[in-house]
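What the coordinates show
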Amino acid sequence: PARVIRVTHSYRENLQRRGIPGDKIGVITNGVDIAQFKPRPKDEALETALGLQGKFVAGYVGTHGMAHALETLLDAAEKLQQTPDGDQYRFLLLGDGARKAALVSDAQSRGLRNVVFVDSVPKDQVPRYWSLLDVSVIHLRKTELFTTVIPSKLFECMGMGIPVLHGVEGESAGIVQREDVGRVFEPENADALVTEIVDLSNAPERLAHYRARGLDAAKRYDRGALATAMLEQLQQVAAKAA
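Residues numbered from 1 in each chain as written. Predicted model: local features only at pLDDT ≥ 70, side-chain atom pairs only at ≥ 80, totals over all residues. Heavy atoms only, no water.

Observations concerning the pairing of strand 3 (residues 56–61)
- Taking burial as the measure, the six residues of strand 3 include six buried ones, the bulk of the element.
- Judged by which residues are buried, strand 3 turns out to be covered on both faces: Phe56, Ala58 and Tyr60 on one side and Val57, Gly59 and Val61 on the other are all buried.
- Across six bridges, strand 3 lies against strand 4 (residues 89–94) in parallel orientation. Each bridged residue has a counterpart across the sheet, and for Ala58 the counterpart in strand 4 is Phe91.
- Bridge count between strand 3 and strand 6 (residues 135–139): two bridges; the pairing is parallel. Directly across from Gly59, in strand 6, lies its bridge partner Ser136. (Buried < 20%, exposed > 50% of the residue type's maximum accessible area, 1.4 Å probe, protein only. Helix = DSSP H or I, 4+ residues; strand = E, 2+ residues; numbered from the N terminus. Pairing = 2+ DSSP bridges.)

A word on the packing of aromatic side chains
- Inspection of the entire model under this criterion finds two aromatic pairs.
- Ring centres of Phe155 and Tyr221 lie 4.8 Å apart, and the angle between their planes is 35°; this geometry places the pair in the tilted category. Of this pair, Phe155 sits in helix 6 (residues 153–160) while Tyr221 sits in the loop between helix 9 (204–218) and helix 10 (223–241), and the two are 66 residues apart along the sequence.
- A cation over a ring is seen here: Arg206 above Tyr210, with NZ or CZ 5.3 Å from the ring centre. (Phe/Tyr/Trp six-rings, centres within 6.5 Å; stacked < 30°, edge-to-face > 60°. Lys NZ or Arg CZ within 6 Å of the ring centre and 35° of its normal.)

Next comes the structure, spelled out in structure tokens:
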């Protein structure tokens, strides 16, 4: 091939191990449309409708599937509910997927009063729900398979200026740490998630720091800038072929 473009450095390294020269492989990650995903005040009407006023909200937005192990969030919610000041916390889970019904049933059977489920909404409405979050939880099962992926919602969180609690190992965790946009915790470790939520709920200056860092980082992952980078890759290939 004249040029191969991958979305993670892990995929690039995999191709190199298969014998494709590194100088023929470019990396352009996924990104965010910062015109759509940008900071906005909490949607007060939505906050009231969902009973989130005055609560510290940790949210998950996305697919509720086997790969996401969202039982970990329910475990964390149960642990927090049992603490003396547990009522100040809420978990908001927006989306659908193969595990959604089971998760809703599980939360009901546990008597979790601090978990709010919302079905999928039109894409242009998603930022309204992002606005409600004090922190965004990104989570995948603890497995080698997911160390090479970068969840696209990480970039949307940057664009919205929402601090991240990142329960994914590997390359994406490196981005969170390098860009300093949130905290990394061990996947499927509810105790670690609880510790981070409680810690950040008591550290408004740290939350402000992560928000500012996220907005700065979003500029580097803006889809417009990434499209320009892709064009430059194509121009390089065309110039060599000429």
